[in-house]
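Structural features, examined
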Amino acid sequence: MADKGLEQRVASWIQKHFRNILFGIGFICVSGLSAFAWFQWEEYREQKAYNRIYIHQSAFEKAYKKANGDNHKRGARSVVDFFKPKKEVPFVYSNEMKTKAGQYEDAIRSNQSALAGAAAAIDLADFYYQAGEKEKALALLSLFSHRQQKFLLSLFGKNRSSSVYTLLRLQLAGFYMDKKNCEKALPLLSMITETKSAQPFHPEAWLQKGLCYEEMKDVFRVEEAYGTIKANYPDSPVAQTAEVYLRLFKISQKYNK
């Protein structure tokens, strides 16, 4: 009897709220379909942007090889390389390369909302910087420096936006530091160290922060930056470097007193 009474109450409740239940189910279905459609549209836009950029990237690569052969391989360097002594090997910067680089840049600028645009900006900016066109490199990377990853795309595991934008900021910060402009580099590095999804890049960002604080003669923050790496990321590739830098910094402080 108790079970029958419960069934009647449930049936009565469903009858009473049938419209609301139907509306809720419909809303969930429509929301799900809308999210799926949006996701597919973003994927389409991303692929379209990649295809447009790739055409100009390939044309630029061909012009580069035509002018330089196989003697000079191109590719973005690690930002840590900016602080290592390196003999620069000159390469030919032909008029055709300049034309193709300009077209490549135009394709990047017209696809600023796409992840492909940010990834291509890292590539072209590195070339510009090595070619001596540093202001062009800075201007190009600055277009993307405050963009954020797309949550839904990351949720579905289809997007590497967090890594790409983090690498872009590391590169831009490295360029600024190369110009001794730590005031512009530090906010970019802080964006990285304060972003949880960028954790694999935290040690390198903290190392650059330490170098900036050394440049600014901020003793407390120098020790904090290098100490953070030693305490939180002891197994990272830059941990030993940070320890050496800290030791050298402390020695220099003794001699400067």
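Keep in mind it's a predicted model, so treat the numbers as computed, not measured. (Residues numbered from 1 in each chain as written. Predicted model: local features only at pLDDT ≥ 70, side-chain atom pairs only at ≥ 80, totals over all residues. Heavy atoms only, no water.)

1. Topic: the nonpolar core
- Among the nonpolar cores identified, the biggest contains 57 residues, and Ile108 and Leu124 are the most heavily contacted of them.
- Among the elements that make up this core, the one with the highest residue count is helix α4 (residues 115-130) (eleven residues).
- Setting aside its immediate chain neighbours within four residues, Ile108 contacts Ile53, Gly117, Ala120, Ala121, Leu124, Leu140 and Phe144. (Core = buried A, V, L, I, M, F, W, Y, C linked by side-chain atoms within 4.5 Å. Buried < 20%, exposed > 50% of the residue type's maximum accessible area, 1.4 Å probe, protein only. Helix = DSSP H or I, 4+ residues; strand = E, 2+ residues; numbered from the N terminus. Contact = heavy atoms within 4.5 Å.)

2. Observations concerning a nonpolar patch on the surface
- Residues Phe23, Phe27 and Ile28 make up a contiguous nonpolar surface patch of about 390 Å² in total accessible area.
- Among the structural elements, Ile28 can be located in helix α2 (residues 18-68). (Patch = residues over 30% accessible without salt bridge, like charges linked within 9 Å, V, L, I, M, F, W, Y side chains within 5 Å. Areas by Shrake-Rupley, 256 points an atom, 1.4 Å probe, with all protein chains shown as cover. Salt bridge = Lys/Arg side-chain N within 4 Å of Asp/Glu carboxyl O.)

3. Let's talk about unusual backbone geometry
- Residues other than glycine seldom take positive phi values, yet Lys180 does so here, at roughly 65 degrees.
- Mapped onto the secondary structure, Lys180 falls in the loop between α7 (161-178) and α8 (182-193).
- Residue class for Lys180 comes out exposed when judged on its relative accessible area of 57%.
- Unusually for a residue other than glycine, Lys217 sits at a positive phi of about 60 degrees.

4. Focus: the packing of α8 against helix α9 (residues 202-215)
- Running from N to C, α8 and α9 cross one another at 155 degrees; their axes reach a closest spacing of 9 Å. Classed by the angle they form, the pair α8 and α9 counts as roughly antiparallel. The handedness of the crossing between α8 and α9 comes out as left-handed. In contact with Cys182, Ala185, Leu186, Leu189, Ser190, Ile192 and Thr193 of α8, α9 contributes His202, Ala205, Trp206, Gln208, Lys209, Cys212, Tyr213 and Glu215. (Axes fitted to C-alpha atoms, helices over the stretch in contact; angles between N-to-C directions. Parallel < 35°, antiparallel > 145°, perpendicular 65-115°, else oblique. Left-handed = near helix turned anticlockwise from the far one by under 90°.)

5. Things to note about α8
- Between its first and last C-alpha, α8 extends 16 Å over twelve residues, near the 16 Å set by a 1.5 Å rise per residue.
- The element α8 is largely enclosed, with a buried count of nine among its twelve residues.
- Three or more residues of α8 are buried, namely Cys182, Ala185, Leu186, Leu188, Leu189, Ser190, Met191, Ile192 and Thr193. (Expected span 1.5 Å × (residues − 1).)

6. Thoughts on the packing of α9 against helix α10 (residues 219-232)
- Remark: α9 packs on α10, axes separated minimally by 8 Å, with the N-to-C direction vectors making an angle of 160 degrees. As far as their axial angle goes, α10 and α9 are roughly antiparallel. Regarding α9 and α10, the two cross each other, and that crossing is left-handed. Along its contact with α9, which presents Pro203, Trp206, Leu207, Lys209, Gly210, Leu211, Tyr213 and Glu214, the element α10 presents Arg221, Val222, Ala225, Tyr226, Thr228 and Ile229.
- Here the contact of α9 with α10 is composed, by residue class, of nine nonpolar, two polar and three charged. (Nonpolar A, V, L, I, M, F, W, Y, C, P; charged D, E, K, R; others polar.)

7. Examining the pattern of salt bridges
- Evaluated as defined, the whole model comprises seven salt bridges.
- In this structure, Glu135 and Lys179 form a salt bridge, with 2.7 Å as the shortest nitrogen-oxygen distance. One end of the pair, Glu135, is in helix α5 (residues 134-142); the other, Lys179, is in the loop between α7 and α8, with 44 residues separating them in the sequence.
- Take Lys179: its relative accessible area is 38%, and that puts it in the partly exposed class.
- Among the ionic pairs, Arg247 bridges to Glu243, the shortest N-O distance being 3.6 Å. Within this pair, Arg247 and its partner Glu243 are both found in helix α11 (residues 239-256), separated by four residues, close to a single helical turn.
- For Glu243, a relative accessible area of 36% translates into the label partly exposed.

8. Structural notes on the confidence of the model for the protein chain
- Put simply, the protein chain has an average pLDDT of 81, and 76% of its residues get 70 or more.
- Taken element by element, the protein chain is modelled with least confidence in helix α6 (residues 151-155), mean pLDDT 44, and with most confidence in helix α3 (residues 95-109), mean pLDDT 95.
- Note that pLDDT drops below 50 for residues 151-159; the model gives that stretch 15 contacts with residues more than four away or on any other chain. (pLDDT = per-residue confidence, 0-100.)

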